[in-house]
Amino acid sequence: MAGKSLTAGKSLGPIRRAFAPWNDPTAKPFIQFQNVTKTFGDFTAVDDLSLNIYEREFFALLGPSGCGKTTLMRMIAGFEEPTSGQVRLDGQDLVGVPPYRRPTNMMFQSYALFPHMNVWDNIAFGLKQDGMPKPEIAARVDEMLALVKLEKFAKRKPHQLSGGQRQRVALARSLAKKPKVLLLDEPLGALDKKLREETQFELIDLQVKLGMTFVIVTHDQEEAMTVADRIAVMDHGKIVQIATPAEIYEQPNSRYVADFIGEINLIEGTISAIEGGITTLDCTGTGAKVQVTQDGGAKVGDTAWFAVRPEKVAISLTPPADPNVNAVTGEVWDIAYLGDVSIYHVRLSTGATVKATITNTTRLVERPITWDDKVWLTWSRDGGVVLTR
Amino acid sequence: MAMTTDPVTPGHAGWLRWLVVAVPYLWLILLFLAPFLIVLKISVSTTAIAMPPYTPVLDFTSGLGALWEQFQEFSFDNYVFLTEDALYWKSYLSSLQIALISTFLILLVGYPIAYGMARAKREWRPTLLMLVILPFWTSFLIRVYAWMGILKPEGLLNQLLLWLGVIDQPLNIMPSTLAVYIGIVYSYLPFMILPLYATLEKLDETLLEAAADLGCPPIQAFWKITFPLSLPGVVAGCFLVFIPAVGEFVIPDLLGGSDTLMIGKTLWAEFFSNRDWPVSSAVAVVLLAILVVPIMLFQNAQKKVTE
């Protein structure tokens with residue numbers, strides 16, 4: 001939403017910082033999936049899935065196409081019925097309730113604006129459907145138009161609007177009825193990058209201000225990390241991990257999640273020791289010994305993977321104090337200069353490639369480290385994680 | 001796709017473009033405008049016992065002066081005559097009425113069929129479309145004769161109903177105006193279904209999901225979303241059916257009774273039974289004038305849609 005923020009004024013920081021109902025064992029889930037399975041013919045879109053979403057949460061369903069995230073959302077909206085299992089909203093069983101009787105509204109990926117109605121009538125559609133008195137409808141629509149800064153476009157038809165404006169009409173229409181849950185299906189996919197980033201922040205502010213529960217479906221991990229309180233990473237109809245964006249990024253529970261979110265180096269090895277809170281991994285692929293501050297989750301002798309983000313790998317021309325632990329050496333193979341950072345692809349003697357990111361803190365006149373340099377890569381004990389699956 | 005270089009020089013291209021534009025115009029002039037002018041000319045002539053049965057006959061070989069004399073002989077008596085005999089305006093009105101009611105009935109029958117086709121499984125749609133077009137493979141006349149076989153007193157329908165014991169006396173469906181309605185609805189149905197199917201098939205189904213999401217049950221969603229968005233197809237289908245139905249001759253002639261008054265029949269009787277070419281030409285010209293109104297309305301509606 002270009003221009004001014006939708007929610008100028010007081011900072012919403014304190015609300016956001018303290019919000020973590022998922023850690024509160026007494027908190028009642030708002031949306032509840034219990035052992036939900038959904039099959040289409042032979043294809044299992046959602047596989048025995050259980051999930052709790054809390055009131056006022058901004059929850060993201062993230063995964064590649066075909067992972068079942070959209071089906072999951074459509075089950076909240078009522079467009080799909082679970083093959084088995086239960087879906088509850090605010091304690092009420094939703095199974096069998098048709099979409100037009102559910103207190104949820106959805107913002108569609110294609111926006112699905114009614115082409116034969118102008119902006120005003122599009123936003124008023126749901127309110128008229130509820131039989132709201134006319135003056136109240138007018139007041140509510142005007143309020144919504146003001147919220148998305150489209151007052152001047154009320155009489156336009158959808159085809160006379162830009163993509164960004166249409167997106168705002170779709171948002172206003174889905175918010176007009178003050179739904180208990182707002183469902184966002186890839187809501188920003190059609191916008192250009194800059195507009196998308198602005199809109200992400202406005203969505204967050206809007207969600208906190210309105211105090212609604214938002215569920216967003218996206219395949220864009222940056223989008224999910226920006227807007228969501230928690231993210232569910234999905235694969236083949238199952239949830240692989242549910243956690244806050246920071247936990248997902250820093251403590252992925254599997255190679256799948258680690259690889260799906262951001263860049264990561266994965267180094268295979270065998271666990272040789274777990275002692276004093278430190279897991280030691282012998283990495284055959286790199287010849288390195290890796291030590292990580294991590295307990296449990298693995299047994300000695302297990303095959304495991306050391307996962308470390310490129311920005312947590314330091315690159316240097318001189319060997320570290322202890323070149324045998326948490327260090328590898330190789331030659332600079334490729335450098336990707338992205339402006340804010342440079343990504344170095346270092347090829348080890350074993351043929352494996354490890355990536356390291358350097359923040360470009362000064363203007364780059366001449367690279368201190370360049371192609372074909374022999375370099376050392378090092379990381380700290382709490383820089384990465386050991387993954388067993 | 002590889003770009004192919006055009007071997008035609010710009011000069012040739014200009015000439016070719018003119019040719020391409022000229023072909024449809026030539027077609028219209030030769031096959032529409034010229035016959036219409038001939039009919040118009042006959043309509044302002046007077047009957048004569050001759051071959052052809054009217055005067056004056058324009059003779060372009062006898063010089064401009066003679067042509068002028070012939071022009072001066074033109075009369076509008078035939079048009080005046082049309083207003084004097086009640087048969088003509090009654091035929092016009094009856095034709096419009098039958099066409100209007102038929103159009104409505106065809107819309108009523110055709111819309112559910114088109115809707116069902118558009119909502120059918122994707123792999124079924126070509127087959128269903130084929131079934132709609134299939135009747136065109138048989139001559140129109142033969143299909144109307146087939147309806148005679150079905151509807152006549154000793155026809156298939158009566159035999160079936162008698163056999164089932166629903167009736168004990170054959171129904172007199174044919175000849176009657178009811179049979180004409182049946183015939184028109186049957187014959188023109190594809191012209192309604194095809195444009196309706198084309199618009200309904202393009203309808204984005206997420207719009208219906210959006211309507212449901214905003215609290216709109218399916219039947220209301222049909223009237224608020226599907227029907228308004230299918231209006232271009234409804235309008236096209238109605239005009240495609242209405243315009244030819246007004247001038248329909250074969251169906252009222254074969255299935256209709258003596259009380260079924262349609263302008264096509266009147267025109268035919270005037271032309272072949274009375275051999276009054278000038279009056280029948282005047283009937284045709286007036287029919288065209290009447291039909292120009294809905295045709296222009298149709299074109300306006302089409303323009304609105306494309307905007």
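Residues numbered from 1 in each chain as written. Chains lettered and ligands numbered in written order. Predicted model: local features only at pLDDT ≥ 70, side-chain atom pairs only at ≥ 80, totals over all residues.

A. Just the confidence of the model for chain A, in detail. Per-residue pLDDT for chain A has a mean of 85; in total, 94% of the residues score no lower than 70. Between the elements of chain A, mean pLDDT differs from a low of 67, seen in helix 1 (residues 13–18) of chain A, to a high of 93, seen in strand 6 (residues 104–107) of chain A. (pLDDT = per-residue confidence, 0-100. Helix = DSSP H or I, 4+ residues; strand = E, 2+ residues; numbered from the N terminus.)

B. Spotlight on the interface of chain B and chain A. Tallying the contact residues gives 14 residues for chain B and 17 residues for chain A. Contributing elements (two or more residues each) for the side of chain B that touches chain A: helix 9 (205–213) and helix 10 (218–246) of chain B. Here the side of chain B that touches chain A takes 6 residues from helix 9 of chain B, the largest share from any one element. The residue makeup of the side of chain B that touches chain A, split by class, is 9 nonpolar, 2 polar and 3 charged. (Contact = placed C-beta atoms within 7 Å. Nonpolar A, V, L, I, M, F, W, Y, C, P; charged D, E, K, R; others polar.)

C. A look at the nonpolar core. Core analysis: the largest hydrophobic core is formed by 107 residues, its most contacted members being I123(A), A172(A), L183(A) and V215(A). Each of domain 1 (13–103 + 179–255) and domain 2 (263–387) of chain A accounts for three or more of the residues forming this core. When neighbours within four sequence positions are excluded, L183(A) is seen to be in contact with M73(A), I76(A), A77(A), T104(A), N105(A), M106(A), M107(A) and V215(A). Y92(B), F191(B), M192(B) and Y197(B) belong to the second-largest nonpolar core, a separate cluster that totals 41 residues. (Core = buried A, V, L, I, M, F, W, Y, C linked by C-beta atoms within 7 Å. Buried ≥ 20, exposed ≤ 12 C-beta atoms within 10 Å, placed from the backbone. Domains from an automatic or database assignment.)

D. The arrangement of the pairing of strand 9 (residues 230–235) of chain A in detail. All names here are of chain A. The buried fraction of strand 9 amounts to 5 of the 6 residues, a majority that puts the element mostly inside the structure. Where strand 3 (residues 58–62) and strand 9 come together, 4 bridges link them in parallel fashion. By the bridge assignment for strand 9, L62 is matched with V233. As paired elements, strand 9 and strand 10 (residues 238–243) share 5 bridges and run antiparallel to each other. Across the sheet, A232 pairs through a bridge with I242, a residue of strand 10. Taking the residues between adjacent antiparallel strands as the criterion, strand 9 and strand 10 are bridged by 2 residues, where H236 takes a positive phi near 50°. (Pairing = 2+ DSSP bridges.)

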